[in-house]
Amino acid sequence: MAFTRTLIPSSILRALQALFGIIVLGLSVTLIRGHNPLHWTISKLPTLLPFAAAIGGLTIAGALVGFVLSWTEFLRGFFEILLDIAVLLANLVGGVLIAIRLKGKNCYDESDRNRVGNRGYPFKGSLGSIDILNGGCTEKNGVGICYYASWADQEAKLNTRCRQSQANSVFMFLTVVVLFAGLTLTYLRIKRTH
């Protein structure tokens with residue numbers, strides 16, 4: 001009974017880890033699917049978006065494997081810690097990279113200045129200049145255009161994509177906190193048994 005009682009908090013943390021991983025994966029896939037909707041030939045998918053999706057998948061897999069490892073005697077402890085550290089570092093790096101890419105922009109400011117700057121390509125200092133938000137850019141008749149920044153009816157999606165990216169980063173950081181708590185519980189459990 002004591003064995004089960006010590007693993008219940010760990011299982012709850014694994015469930016939270018899986019939930020956060022599902023959210024990160026879902027947000028990343030949404031951002032990927034919304035990028036380059038016209039399939040322009042010049043614009044490529046920013047590497048950060050598939051990387052974020054991979055982190056979400058890794059987090060889910062880590063939660064499932066960690067859950068199984070914590071409830072079995074085989075390979076418990078050391079491998080559980082290694083797995084958690086790997087997933088923690090991936091989430092930390094992903095969250096920091098997205099936060100850096102967003103450049104501290106205000107996702108809730110719906111002014112034209114925040115969305116598209118001076119309204120000219122490359123939309124310097126605005127949401128439209130951020131590659132994970134602008135939906136992809138190309139050149140048409142010698143003029144640079146970005147899908148969500150060049151047409152007034154699409155500009156609101158810059159704020160939406162910014163909020164999605166911010167949430168993605170936040171859930172990666174929350175996963176780091178959950179994994180740190182899980183690592184602490186695992187360490188205490190190992191220390192108690194040895």
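Residues numbered from 1 in each chain as written. Predicted model: local features only at pLDDT ≥ 70, side-chain atom pairs only at ≥ 80, totals over all residues. Heavy atoms only, no water.

A. Broad picture of the state of the cysteines. The full count for this structure, using the stated rule, is two disulfides. A disulfide bridge connects Cys107 with Cys162, and the sulfur atoms are separated by 1.9 Å. Taking the sign of the S-S torsion, about -55 degrees here, the bridge from Cys107 to Cys162 comes out left-handed. Of this pair, Cys107 sits in the loop between helix 3 (78–102) and helix 4 (112–116) while Cys162 sits in helix 5 (residues 156–193), and the two are 55 residues apart along the sequence. Classification of Cys162 as buried rests on a relative accessible area of 0%. Between the sulfur of Cys137 and that of Cys146 lies a disulfide, 1.9 Å long from S to S. As the torsion about the S-S bond is roughly 95 degrees, the Cys137-Cys146 disulfide counts as right-handed. Accessibility assignment for this pair places Cys137 and Cys146 in one class, buried. Shown here for the chain is a disulfide pattern of 1-4, 2-3, where each number marks a bonded cysteine counted in sequence order. (Disulfide = S-S within 2.5 Å. Helix = DSSP H or I, 4+ residues; strand = E, 2+ residues; numbered from the N terminus. Buried < 20%, exposed > 50% of the residue type's maximum accessible area, 1.4 Å probe, protein only.)

B. Region of the structure containing the nonpolar core. Judged by nonpolar contacts, the single largest core of 24 residues is most densely connected at Ile132, Leu133 and Leu158. Listing elements by their share of this core, those giving two or more residues are helix 1 (2–34), helix 2 (48–70), helix 3 and helix 5. For this core, the leading source of residues is helix 2, giving four residues. If near-sequence neighbours (up to four positions away) are discounted, Leu133 is found in contact with Leu102, Leu127, Tyr148, Leu158, Arg161, Cys162 and Ser165. Counting residues in each nonpolar core, the second largest holds five residues, with Leu88, Val176, Leu179 and Leu183 among its members. (Core = buried A, V, L, I, M, F, W, Y, C linked by side-chain atoms within 4.5 Å. Contact = heavy atoms within 4.5 Å.)

C. Inspection of unusual backbone geometry at higher detail. The phi torsion at Lys103 lies on the positive side, around 55 degrees, for a residue other than glycine. Secondary-structure assignment places Lys103 in the loop between helix 3 and helix 4.

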